[in-house]
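Per-entry structural report
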Amino acid sequence: MSWQPTLAHYLILAAGTFSIGLIGVMVRRNALILFMCIELMLNSVNLTFITFSQYRVDLDGQIFGFIVMAVAAAEAAVGLAIVLHIFRQNRSVNVDEVTELQQ
Amino acid sequence: MEHIVSVQFDYYLGLIVLFPLLGAIINGVAGPKLPRRFVHWIGCSAIGLSFVFTALSVHGLYLNAHEGDHGPVYGSIVYDAYQWIYSGGMELDIAFILDPLSAVMLLVITGVGLLIHIYSVGYMKEESGVWRYFCYLNLFCFAMLMLVLGKNMLVTFIGWEGVGLCSYLLIGYWYEDDSNAIAGQKAFIVNRVGDFAFLGGLFLLFYQAGTFDYVELYQYATTAETARLLAPVALPAAILIFIGCTGKSAQIPLYTWLPDAMAGPTPVSALIHAATMVTAGVFLIARLHFLFTFNPTIGYVVATIGTLTAFFAATIAVVQNDIKKVLAYSTISQLGYMFMAVGVGAFTAGIFHLMTHAFFKALLFLGSGSVIHAMGGTQDIREMGGLKEWMPYTEKTFLIACLAISGFPLFAGFFSKDLILWNALTNVHILSVPEAASSATIATLINSTSPVIESGGAVDVTTWASAFHWGFYLMGVLTAGLTAFYMFRLYFLTFRGECRADEETREHLHESPPSMTLPLCALAFLSLFGGWTGWPHFIPKGVPKWLGFGGHGHGGHGAPEYLDWMLGFEHWLDEAFVLSTSHRFAPLFGSHPYTQELIATSVSVAVALSGIGAAWAIYLKNPGLPKEIADSVRGLYDVLMNKYYVDEVYNRVFVQGSVKIGSFMHTFDEVVIDGVLVDGLAWFVEQLGKILRHLQSGNVQRYATYIVLGIVLFALAIRYYQYF
Amino acid sequence: MADPTAILGTMTALGAALPSASSFPWLTVITFGPLIGILALMLIPRDQTDLLRNTALLCTLGVFVVSLGVLVHFDPSVVAESGQVFAFQLTDGPVEWIPALGIHYYLGVDGISLWLVLLTTFLGPIVIYSTYSSVDEHVKEYMICLLFLQIGMVGALVSLDVFLFYIFWEMMLIPMYLIIGVWGADQRIYAAVKFFVYTIVGSLLMLIGILYVYFETGGAGGGYSFMFTDLAAVDLTYNEQFWLFAAFFLAFAIKVPLVPFHTWLPRAHVQAPTAGSVILAGVLLKMGTYGMLRYAFPLFPRALKTFAPYIAIVATIGVVYGALMAMVQDNIKRLVAYSSISHLGFCVLGLISMTPQGLAGGMYVMLAHGISTGGLFLAVGILYERRHTKAIEAYGGVAKSMPIFSAMFMIVIFASAGLPGLNGFVGEFLSLLGTAKSHFLWFDQPLVFAPESVLDLSATSGEGGIAFGGAMQGLPVDGQVTPEMTAYLFALVAATGVIWAAGYLLWMWRRVMFGPLDKEENRNLSDLGVREILYMLPIVLMALFMGVYPKFFLSRMDPTLNDFLQHMKTEVEREIPKSETTQGDDPETVPPARGTVIVEEPNDAWVPDRPMFDEDIREADDEE
């Protein structure tokens, strides 16, 4: 019998990608990288949803997956627009330099 | 103490108290608008009506008498005005009781009070706003009447504090002068110290006996079963109440307020600080005689304090130059006598002296007021002299009072003082037979005292108790000599010799108006004859026996009944102080009680006469002598002049002490409690916030890190939960 | 525009005329009566200051008149049913307010709250009348604040639902904060913040305590409930009681305030305007003692037993400490503030003694202190309005220029100094008397500070673990001092308060009123005007009446206190093993065992034969 990935494998994969994304969010300063990391985290969550959906034979998880994808798309659209604007203003996408609202 | 309630007159007691209160209210509220004459009338008629109803009630009490086993029993009249406090089963009524004891006090207060009110009309003639004065004076009479009429200790306490208030108000009557205001304040606060102790005693008594009612307390203390329960608290309670009495009656250690209290108008000094208020302590001890005879130690303490006060106050009085200060110290000294009397259980003698003292001391004060009035306010006797010429009535009445206080035979003071001295010597049964107290019936008392009588006779100098008695007696005699000396020093310096006043004053010297001299004459009459209700016992009892008469009076032992009036005062108070009436017990002690009395009396009269003689020799005969004497004993003189520096010590220790402690506490409060603890806590929180606020940088990434850290910590916590 | 005063007038008249006790929601009207005033004030333009003031005055007067109706309809003979702590009367509700959380709208009075409610409504109009000349800025807001404050105070007193109580309790805080912070003196912000923070810290502790007990109410009888009766029915272990009592008591101790939680009080008083001081001293402080009596003591009786001697120590220290502090103050208001601390020490001492006299005395101190200290602050306010200083040395000889004022001031001073015949004495006397014979103030359960024995939940579910966990060093142990003597010593030390009180008050009086009139500014001080006489006179008369006929007040609180004592007696003795009785031959006269609550047999004679007014008047009312 060929090798079949079990639930644990999917979850470990999701946790791994989530952790990579999370660490990226915490340590990187480049806004674009941050976005990519967030996408990574969202996708790992998606993966978890879908895994459980398959595992429990329940479509709810897949629906959630679509919702997350939609939200991620919307977020990416808005976010990239903001990043573009920031780049135009500051000639940089380093988030530490974006402090106008703090003052 | 049998109590027969006569319902006929009971509401009179309420009226007696009510009239002065009404007078005070009317004068206090409407006084400023009323003409002066009305104010006078209201003030005097309030106390006058009180006097009338007092006389009627006392007459009623007299008629109420019936023959008991040991003479007439007057019982008492009780009037329950209303219930004052009700709390958890404890009922406290505003209730009044008229028995022979309070009858004496009532007559003194309303009688002397009335005379002093009348006197005040003349004395305060030049004052504006005299309504305030009469309002306070009436209020004082109200409080004093509450004090003596109270059926329970709380009503007495109301009056007790009330008289303190009025004393405060009247001492500070001329409040624009700071020193008067300070004197009033001092009087009130020192009295408050006493009141505090009084309250402490009240609580103890109530704790054990569960009642404040005098009649119930008496029963509690004299019933064998309950008396045993009272025993452990009797001593502390009595001592605490006695401290209260030393405050009100200006005894060591709380006497210092009375000389300062002379800042008030002179009639006030006469009424409050001589005749009535200051005697409240003596009255209270007499009222609670069953408690004060409960334990011999109490008696020793009271009598010792009284004796010491009598002596030391007399020594201070010798050197004072302010006419009112001399009288003030004399008052303290005479009060000391009274405490000596009640200490040795001679309650009748103490009350008797209280009464005669009220007469002659009020007279002395009013006389001095008349002098001050004439001198235009001067009180220094060094600037007086020879006033006899200008003020004949004042001089004569003053002389009568001086003779009375010195104990010159047949004057009022003679009778009462000698009764005290004799009792101080012979009343050993009170202080040496503990059982005497708790068994109140005469039969058991005689049984319990008889061993003493059989074993040693009256005065057994070998025992400790008798040493005390000899001490009391000798100090008393010595004080009597000093009293005669300083009173006649005062008299000679004021009324005899050369006039030392300046010309201007001399021109204004005049006899006082009739409204002032009439009370003087009335009091002089009382000072002369007021003591004739208590002759020395050897006259009615001993003399007839020697002359071959005999009879069966109430006292038994061969006194003819027709001479009973000579011991009228003692018979009147007989039932109140079953334990200590001399006419009953003197015959039991020793074989020649009346000979002892005769000797004791002769000694004190001789001492008093020599005191008068010495005063005459020093102050009238050789006017230069006093200065020489003072110079030769300069140190002693200064100590006496400065009243043993007691005021200074008190001021330094207690007044400054509490202010210092207060200041320290204030700093402590500001710095430690508020500064370090409260504000410190706030400061700590602020600092913490200052540190923690760096966490909230606005950096989303950092927040994300915190979140992750938190999650990790939680995860660990859940993982290792069991180890927590 | 319709004249709001007229509307108010008719409304209050209607309220007073309404007939019977049962149908009319007396307490709701009293509590929310000021709300009508607030609405009316909102409609009045802010520049019509006189109208604003009159409206507020009329409103509070109306509330006071209605509150007299409560007095008339209050039946002192009602006693608590078995199992109940208090017998509440004239109840409104209970109406479910937030059913999901078991919160009710439920008002009622008993002998304890009755007099405090009346004290509040009595002081209300006086306070507002006194502000006519002292506050000219933001009159509208000021009046609204005062009316709001009154709602909070009365509401806290009459609410029988703990949640409702808590809301009212916090509701008092905000207007008071504003009164001090907006209309106060120079350092008002500091004082207001201190007052606010200090009080809220205590309140939050209490809230935690309330919630804890609330969550214990569930179980057998259905859902959770905030009703006082349900809370009182909760059976708590000793250990729970210990901590809950500490939380509750701290909240109330801050409010009272007991030393050492008192430092907000002098500052708040000195900075507050006169009206604020009067309310603060007159009613707000009593909320602390009322809270103890209503909540902390009956809910946690066994913890109280442990704490009682320590509370007594703190109260006794408070009496002397407050007095000593008052002695050295040079600011009149600060002096009066410290005297409050001293007086409330008497109050707490009396309450903690668990004797009928002590409780009645503590209650009476509350009332008397409200009247006399209110009067003192009003008098200080009168002086301040004329001279704009509170420093004692600025005055001197004022009695000469202001005779009427000095007469009234003097009566108030002596009332505060505890002169018999005036109101202060009765309370202090009863408190001390009750304390002196208390068997409750005895250290038979040492407070254990060692954390392990307290935190060890399993060991202390019963009684033994904490009760005798280890004697503290230095405390009297059995046989050295009898329990009676400790209580007596408390009373004796506290009784020195009467000396100090005379000391600081008379000293202040002498420096302010007596002495030569040597300062030019004081020479022409005008005596009291009609308005000032009108608001001082009720205080003075009430001080006299309360001193002359205290039974009027005492007899109406007595049965409630008796119920309370019975409850405490059963609760305290329930699980504590009966301690051995002291040696005594005669069983009749053996003093009660130590640590007991003294309940004296009620006497039928005390119940007033009739209510305040004649029977026929009441019947006539009924027929209307």
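The rules we used
Residues numbered from 1 in each chain as written. Chains lettered and ligands numbered in written order. Predicted model: local features only at pLDDT ≥ 70, side-chain atom pairs only at ≥ 80, totals over all residues. Helix = DSSP H or I, 4+ residues; strand = E, 2+ residues; numbered from the N terminus. Buried ≥ 20, exposed ≤ 12 C-beta atoms within 10 Å, placed from the backbone. Contact = placed C-beta atoms within 7 Å. Expected span 1.5 Å × (residues − 1). Nonpolar A, V, L, I, M, F, W, Y, C, P; charged D, E, K, R; others polar. Pairing = 2+ DSSP bridges. Axes fitted to C-alpha atoms, helices over the stretch in contact; angles between N-to-C directions. Parallel < 35°, antiparallel > 145°, perpendicular 65-115°, else oblique. Left-handed = near helix turned anticlockwise from the far one by under 90°. Core = buried A, V, L, I, M, F, W, Y, C linked by C-beta atoms within 7 Å.

This brings us to the overall build of chain C. Secondary structure assignment for chain C yields 24 helices and two strands. Scored against the burial criterion, the 624 residues of chain C give a buried share of 60%. In chain C, once contacts between residues fewer than 6 apart in sequence are set aside, the share between residues at least 24 apart is 80%.

Moving on: the overall build of chain B. Along its length, chain B carries 31 helices and four strands. The 724 residues of chain B split such that 57% are buried. Nonlocal contacts in chain B, meaning residues at least 24 apart in sequence, comprise 79% of its contacts between residues at least 6 apart.

We now examine helix 31 (residues 700–719) of chain B. Compared with an ideal rise of 1.5 Å per residue, which puts 20 residues at 28 Å, helix 31 of chain B spans 28 Å between its outermost C-alpha atoms and is within 8% of the ideal. Along helix 31 of chain B, only zero of the 20 residues are buried, which leaves the element largely exposed.

Turning next to the interface of chain C and chain B. On the side of chain B, 44 residues touch chain C, which itself brings 52 residues to the contact. Ranked by the residues each element gives to the side of chain C that touches chain B, the list is headed by helix 20 (residues 483–513) of chain C, at 12 residues. When grouped by side-chain class, the residues that make up the side of chain C that touches chain B number 33 nonpolar, 11 polar and eight charged.

All names here are of chain B. Counting buried positions over the nine residues of strand 4 (residues 90–98) gives eight, a clear majority of the element. As judged from the nine bridges shared by strand 3 (residues 77–87) and strand 4, these two strands associate in the antiparallel manner. Within strand 4, the position partnered with Ile77 by the bridge is Leu98.

Helical geometry: 3.6 residues make up each α-helical turn, so side chains three or four residues apart lie on a common side. In this model, helix 4 (residues 130–149) of chain B (20 residues) spans 28 Å end to end at C-alpha, consistent with the 28 Å of a helix rising 1.5 Å per residue. By the criterion of burial, helix 4 of chain B is predominantly enclosed, with 20 of the 20 residues buried.

All names here are of chain C. The N-to-C vectors of helix 5 (residues 139–158) and helix 11 (residues 274–299) enclose an angle of 15 degrees; their axes lie 11 Å apart at closest approach. What the angle tells us is that helix 5 and helix 11 run roughly parallel. Viewed along their axes, helix 5 and helix 11 form a crossing whose handedness is left-handed. Residue-level inspection shows Leu146, Leu149, Met153, Ala156 and Leu157 of helix 5 in contact with helix 11, the latter providing Ala275, Ile279, Val283, Met287 and Tyr290. Considered class by class, the residues forming the contact of helix 5 with helix 11 number 10 nonpolar, no polar and no charged.

Counting residues in hydrophobic clusters, the biggest one holds 473 residues, and the most contacted among them are Phe140, Leu145 and Ala362 of chain B together with Val412 of chain C. Among the elements that make up this core, the one with the highest residue count is helix 20 of chain C (20 residues). Residues contacting Val412 of chain C, with those up to four places away along its chain left out, are Ser372, Gly375, Leu376, Ala379, Ile539, Val540 and Ala543 of chain C. Leu22, Val25, Ala31 and Leu34 of chain A belong to the second-largest nonpolar core, a separate cluster that totals six residues.

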